[in-house]
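Summary of structural features
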Amino acid sequence: MEGLMLDKLSNKRLIYSFVSAVNLGLEDLFIRYLYEEIIKRELQTEAINQLNTYGLDGEKIISELKQVSIS
């Protein structure tokens, strides 16, 4: 049970870091790295919702990141 709570907290921190990086216009490579982690954890919907909360176009940002992924 404790592991599940830590995973949820970790996921929230990941999404917060991603949204902050996008909002602040940080390095593209860093943003893409965070996005890859979001994909691995299947958190795209939550990321879009958080981006929208900050007045950003979450779907547009995610679709642009889908086109350019780290290989």
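Cut-off values and rules
Residues numbered from 1 in each chain as written. Predicted model: local features only at pLDDT ≥ 70, side-chain atom pairs only at ≥ 80, totals over all residues. Heavy atoms only, no water. Core = buried A, V, L, I, M, F, W, Y, C linked by side-chain atoms within 4.5 Å. Buried < 20%, exposed > 50% of the residue type's maximum accessible area, 1.4 Å probe, protein only. Helix = DSSP H or I, 4+ residues; strand = E, 2+ residues; numbered from the N terminus. Contact = heavy atoms within 4.5 Å. Expected span 1.5 Å × (residues − 1).

1. Regarding the nonpolar core
Soluble globular proteins tend to pack their nonpolar side chains together in the buried interior. Of all hydrophobic cores here, the largest spans 17 residues; its most connected members are F18, V22, I31, I38, L51, I62 and L65. Only α1 (2-24), α2 (28-40), α3 (44-53) and α4 (58-67) provide two or more residues apiece to this core. In terms of residue count, the dominant contributor to this core is α1 (six residues). Once you skip the residues sitting within four places of it in the chain, F18 turns out to touch I31, L34, Y35, I38, A47, L51, I62 and L65.

2. Thoughts on α2
Owing to its 3.6 residues per turn, the α-helix aligns residues three or four sequence positions apart on the same side. Spanning 13 residues, α2 covers 18 Å between terminal C-alpha atoms, matching the ideal 18 Å at 1.5 Å per step. For α2, the set of buried residues is I31, L34, Y35, E36, E37 and I38. A positive backbone phi angle near 55 degrees is found at E42, which sits one or two residues after α2.

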